[in-house]
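One-letter residues, chain by chain:
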Amino acid sequence: MQRTSGEDIRTVINASPVSVSGLAARTSALLRTSAQTDPYVVSWYVLPGSIKSQPALLSEYLLASDQILLLRSYITADKKDAAKSLSDSIERDFTGENGYLVPCLKSSDVLSGQNSPFQTDISYDELPAGTYSFEETVAYLRALLEYYAKWGSESDWTRINAIAGLLASDGNVFPEDLTLIGTTPAPVITGEKSDVVSLPEDQIASEGSYSGVLLSGLDLEVFRMLAVIDAKYQPLYDKAVEIVSGGYISSQLPLFAYAYTQSTGGYTYTSGNATGVDLVSSLKVILHLAEEGKAPAASLAWIKEQLYNQGILYKTYDVITGEAISEEECTEGYGIILQIARAADDPNLFDAALSCTENHLATKSNSAAVGAIYRNTDSSRIVVYAKDNLETLLGVV
């Protein structure tokens, strides 16, 4: 579909086959109703294959991040009762002993020992690591703040203040819940203008571990909203902006570091792979910066270049060369970019991301996934992930 660059974002949305109601309905039908996990959505659903020996498959896991995206979609769509019910359920089931959210639960452990009505396959799982999650706790806090801004009461603020207190319990030092396994020498910024990423040649590679905070977990809008309500949170906002902005990698690869260690002031650019930068975590950082009007122009231009010239985004990119490492498409990333484009008020970027999203839209009327965003697997199976659909939903709602 040809569109003019002058069209605004809402016009582009209205002209697209990606439907807000379709995404919401299909996500609910496949990942909640079929899974019998109300009010939660499971992580993924695989459609039945073309032969009898390929039955439908269903994840047995509930990810906190998926439930929070679903909660935010309810709030944005003014579904107050659904939002209240889900918010209360998340607090009850996902809050750990230390007050932070646990990132992942088995559905059978939460829903009265209920077993999944479908078979599962762990090869489709994309599960977060860790026992407790700073990133998911901050994301939940954002949803609570958005709910509070629309319908909040004194009891809602009490809940918000309690969670925010965990984040501010140590001044303007953020909790580091991430254990990083690093290999030295790590990539460093060099060059006359600090725009070249290279590996130092005079160091011997060795294994090591250290703690850090995920840059993608520092949602700047959360700390801004808190600071507007109570000035005591302003130092948290200022520190978060400083850390996140400082994680910019280089003009060659204008993405962002994976994590930051506050005791040393050092950034970890990659996650597990010696030179591989995780795209999704970088896109989340760019989104958080865009919402504050601080997204680097070079980062937005790089995303556009990939979408225009390559027509696809990959899951990891080499921190030194800037080239794609992974051959796996980053389907989740398109929904995040839709949100970036809206925050940056960039219709051209939005249009490019939406075109890529439409390539993954199930359109066959007899398909169980019609209206949903899907991925093709190496085994020619069709899989629907909650995060792909819910990130897209937040981008078009």
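Residues numbered from 1 in each chain as written. Predicted model: local features only at pLDDT ≥ 70, side-chain atom pairs only at ≥ 80, totals over all residues. Heavy atoms only, no water.

**Overview of the packing of aromatic side chains**
Consideration 1: Counted under the stated rule, the structure contains nine aromatic pairs.
Consideration 2: Measuring from ring centre to ring centre gives 5.5 Å for tyrosine 40 and phenylalanine 94, while their planes differ by 85 degrees; the resulting arrangement is edge-to-face. One end of the pair, tyrosine 40, is in the loop between α2 (20–33) and β1 (44–46); the other, phenylalanine 94, is in helix α4 (residues 80–94), with 54 residues separating them in the sequence.
Consideration 3: Its relative accessible area of 0% is what places tyrosine 40 among the buried residues.
Consideration 4: Residue class for phenylalanine 94 comes out buried when judged on its relative accessible area of 0%.
Consideration 5: Look at tryptophan 302 and tyrosine 317: their rings are 5.0 Å apart centre to centre, the planes differ by 80 degrees, and that puts the pair in the edge-to-face class. With tryptophan 302 in helix α11 (residues 297–310) and tyrosine 317 in strand β12 (residues 316–318), this pair connects stretches of sequence that are 15 residues apart. Note on accessibility: tryptophan 302 and tyrosine 317 belong to one class, buried.
Consideration 6: Aromatic rings pair up to connect Phe134, Phe174 and Phe223 into one cluster.
Consideration 7: A cation sits over an aromatic face here: arginine 375 above tyrosine 385, 3.9 Å from the ring centre. (Phe/Tyr/Trp six-rings, centres within 6.5 Å; stacked < 30°, edge-to-face > 60°. Helix = DSSP H or I, 4+ residues; strand = E, 2+ residues; numbered from the N terminus. Buried < 20%, exposed > 50% of the residue type's maximum accessible area, 1.4 Å probe, protein only. Lys NZ or Arg CZ within 6 Å of the ring centre and 35° of its normal.)

**Digging into the layout of surface pockets**
Consideration 1: Counted as a void, the second largest pocket has a volume near 360 Å³.
Consideration 2: If you go around the second largest pocket, you meet 13 residues; those closest to its centre are Glu328, Arg375, Asn376, Thr377 and Asp378.
Consideration 3: Of all elements in the fold, only β13 (375–376) and β14 (382–385) reach the threshold of two or more residues within the lining of the second largest pocket.
Consideration 4: Of the residues in the lining of the second largest pocket, the class split is three nonpolar, five polar and five charged. (1 Å grid on protein atoms, 1.4 Å probe; cavity = no way out; pocket = protein on both sides within 12 Å on 5 of 7 lines; lining within 4 Å. Points joined across faces, edges and corners; volume = space filled by probe spheres on them. Nonpolar A, V, L, I, M, F, W, Y, C, P; charged D, E, K, R; others polar.)

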